[in-house]
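Chain by chain, the residues:
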Amino acid sequence: MTQDAYGARNVSTNESTRKYIPPHLRRERHTGEEDKYDRVSFPRNNNFSRGPGRNFGREGFPEEPRNRTFEDRRTDGRPMKRFPWKENGYKGGFSERGEPNRRLLNRNNREWKDFTGKERFYADPFKGNENKHFQDDDIEPGTTTGINFDHYDDIPVEISGSDCPDEILSFDESNLHSRILTNVRLSKYLKPTPVQKNAIPVILNGRDMMACAQTGSGKTAAFLLPTIHNMLKMGGPLPVPEQALDRGYSKIQFPTTLVLAPTRELAMQIYQEARKFCYCTGIIPCVIYGGINIRLQFESVAKGCDILVATPGRLVDMIERGKISLSNIKFLILDEADRMLDMGFEPQIRHIVERTDMPATGERQTLMFSATFPKEIQRLASDFLYDYIFLAVGRVGSTTDFILQRLERVEEHEKRDFLLNLIDTVSGLTLIFMQTKRGADELEYFLTRKGYPAISIHGDRSQVEREEALHSFRTGRTPILVATDVAARGLDIPNVTHVVNFDMPTDVDDYVHRIGRTGRAGNSGLATAFLNDNNIGIAKSLIDILIESGQEVPIWLEEMAERAQINSRRGGRGRFGGKDFRRENNSRVERKAFNSGRRNDSHMNDHYRNMNSSDNVIKNSAWF
Ligand SMILES: Nc1ncnc2c1ncn2[C@@H]1O[C@H](COP(=O)(O)OP(=O)(O)OP(=O)(O)O)[C@@H](O)[C@H]1O
């Protein structure tokens with residue numbers, strides 16, 4: 001042992017051992033003479049060392065080859081290739097384990113050729129089991145109230161923008177891919193709804209779109225069907241980008257379509273719809289949302305993810321963890337777009353759209369759908385759209401005509417008793433909206449104490465509890481659901497016959513969405529709202545909604561509105577089905593109006609008559 005000028009001790013004077021050896025080369029045998037205490041070259045005698053690789057260089061074992069690579073590691077002498085399928089020109093997606101997506105390699109289930117004439121291969125796990133795949137597990141077959149879209153024929157439609165395509169009258173003339181048409185038939189959709197008639201040709205033409213149509217009028221299919229068609233037309237999901245393959249990014253998924261939704265339950269519902277329409281197309285939908293273990297979602301994303309349905313928070317998380325890249329996105333869809341772009345979500349949406357690797361506006365097709373679209377939000381939304389077409393189905397500021405709206409003046413302390421009387425008079429599923437989570441908990445407790453089968457759902461409940469509550473409500477096991485606004489948008493639960501606004505929302509758009517949980521798909525529904533002087537701020541807008549949808553306006557509500565002196569400041573927001581805000585600023589936007597005549601009043605009279613006589617909806621009309 002020697003000491004240098006500064007007193008530092010050297011373990012050995014041997015030149016070769018003083019040289020720094022990086023950790024990954026330390027197990028290699030040195031060429032020079034070695035000191036027996038040099039740990040770098042000291043032969044390992046470790047009882048835990050297993051496998052031929054670890055024994056290289058030990059007594060009785062062969063010398064470890066220099067510059068060993070992954071390919072050399074096979075013990076049977078044959079070279080091992082990391083990506084054998086790459087040699088065959090495969091550039092498709094990879095699963096979590098680095099294997100190519102199974103559906104592209106499975107050549108036994110060949111069924112159709114895509115638009116490019118290329119043969120597509122898929123193995124749908126539900127193939128041959130259509131009944132199960134297209135049936136809603138929560139709903140007993142035959143218990144739905146039925147779908148009656150004939151009523152929609154009278155609804156006025158307005159479409160504006162440059163070169164608007166003509167509407168289609170049936171699914172058959174839509175030019176949708178034959179497999180999609182089969183799936184539409186299996187879903188028992190006989191004819192398109194007005195929003196579908198107009199949105200499908202626009203999306204098939206590759207145009208960006210902002211669409212506003214009444215609650216329950218089939219917006220989900222309006223954006224999913226043509227998007228899936230466009231994906232098939234492109235030749236299916238896009239291949240993984242070259243540079244990603246070069247860098248070995250095999251664990252990242254590169255979806256082609258991204259659907260963003262504001263709530264977990266809505267994301268799940270859109271995913272279920274996407275699964276139906278993607279049946280046997282080879283396109284794999286996937287859903288991610290907060291509140292459940294992210295690792296489970298890593299696994300489900302890794303199984304394939306061509307259409308990604310996501311809530312914004314979880315998506316940002318996945319992107320930051322390097323599990324998803326948006327660089328392949330060709331279709332971006334915002335469902336409940338006005339909600340996604342209001343103060344709560346806008347920063348996250350901007351982050352996703354503008355600060356990730358998603359292609360820019362104009363390089364992707366962007367679609368926005370909602371039942372309400374305030375003007376200021378339209379202005380904001382136009383940042384994300386390129387030369388878009390605006391579609392409004394229904395009259396300005398109205399809700400659907402299939403909902404009978406009743407307003408009751410009830411003081412706060414009387415609300416519970418009033419509710420009990422009300423619940424007794426109406427059969428079917430009842431959804432009660434509260435403004436606060438605590439209020440929802442307390443009302444659930446009150447109702448169950450009184451012997452009513454009630455359950456609640458709100459943002460403080462765990463995801464499992466939320467899903468259980470929804471399931472129990474859908475199946476009718478607990479026919480009263482007390483909810484906050486987490487259940488206000490998008491949820492499609494058949495047989496909800498009655499919505500009660502126990503607490504009124506402060507925004508009339510929220511009222512429109514809440515009552516839209518009933519009266520869906522052409523069915524009748526009843527919506528009751530409790531109002532008192534605490535709700536004075538919403539009175540004027542509410543009167544507008546009632547008038548526009550042909551409902552009775554109570555005198556006390558008019559007085560309330562007068563007292564509050566609410567003027568056109570709020571009326572100017574352009575609520576549901578509003579006008580294309582560009583038409584006020586820019587007269588160059590073309591406009592087409594279909595069926596813009598007045599509503600057929602005899603149809604409405606029939607509608608109310610049917611509602612009042614329907615045993616299914618109202619057991620005891622004495623309450624009215
Ligand atoms: N063409 C059709 N024929 C029959 N049923 C349809 C058709 N289109 C949609 N539906 C059904 O109508 C119901 C309502 O559709 P959907 O949930 O898409 O409405 P929405 O407009 O998105 O409502 P919301 O504004 O509340 O989100 C669903 O059960 C759906 O399966």
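For the protein, an unreviewed UniProt entry supplies the name RNA helicase and the organism Galdieria partita. As recorded by UniProt, the Sequence similarities (unreviewed entry) comment attached to the protein reads in full: "Belongs to the DEAD box helicase family." UniProt, in the comment section headed Catalytic activity (unreviewed entry), describes the protein in these words: "ATP + H2O = ADP + phosphate + H(+)".

> Explain the overall build of the protein to me, and be specific about the residues and the numbers.
When you go through the protein residue by residue, the secondary structure sums to 23 helices and 19 strands. Looking at the protein residue by residue over its 624 residues, the buried ones come to 52%. Excluding contacts between residues fewer than 6 apart, the proportion of contacts in the protein whose partners are at least 24 apart in sequence is 75%.

> Outline unusual backbone geometry, supporting the account with residue identities and numerical values.
Glycine aside, residues mostly have negative phi angles, and peptide bonds mostly take the trans form. Residue Lys188 is not a glycine yet carries a positive backbone phi of 65°. By the element assignment, Lys188 lies in the loop between helix H5 (178-186) and helix H6 (194-204). Positive phi outside glycine occurs at Cys280, with the angle close to 60°. Judged by its relative accessible area of 1%, Cys280 is buried.

> Talk me through the site of the ligand; I want residue IDs and the actual numbers.
If you check the shell around the ligand, you find 20 residues, and the closest are Tyr189, Gln196, Lys219, Thr220 and Asp492. Taking Thr220, its side chain carries an N or O atom lying 2.7 Å from an oxygen atom of the ligand. Take Glu336: an N or O atom from its side chain is 3.3 Å from an oxygen atom of the ligand. Burial of the ligand by the protein amounts to 93% of the accessible area it has alone, namely 640 Å².

> Can you break down the side chain of Asp208 residue by residue, with the values?
Relative to the helices and strands, Asp208 is located in the loop between H6 and strand S6 (209-213). Buried and unpaired, Asp208 has no salt bridge, with Arg364 as the nearest side chain of opposite charge at 6.2 Å. For Asp208, the side chain forms a polar contact with the main-chain nitrogen of Tyr386, separated by 2.7 Å. The contacts of Asp208, once residues within four sequence positions are left out, are Val202, Arg364, Gln365, Thr366, Phe384, Leu385, Tyr386, Tyr388 and Ile389.

Thresholds applied
- Residues numbered from 1 in each chain as written.
- Predicted model: local features only at pLDDT ≥ 70, side-chain atom pairs only at ≥ 80, totals over all residues.
- Heavy atoms only, no water.
- UniProt positions renumbered as here; feature names shortened; annotations may be inferred.
- Helix = DSSP H or I, 4+ residues; strand = E, 2+ residues; numbered from the N terminus.
- Buried < 20%, exposed > 50% of the residue type's maximum accessible area, 1.4 Å probe, protein only.
- Contact = heavy atoms within 4.5 Å.
- Near = heavy atom within 4 Å.
- Polar contact = N/O pair within 3.5 Å; in protein donor to acceptor, adjacent residues only side chain to side chain.
- Areas by Shrake-Rupley, 256 points an atom, 1.4 Å probe, with all protein chains shown as cover.
- Lys, Arg positive; Asp, Glu negative; His and termini not counted.
- Salt bridge = Lys/Arg side-chain N within 4 Å of Asp/Glu carboxyl O.

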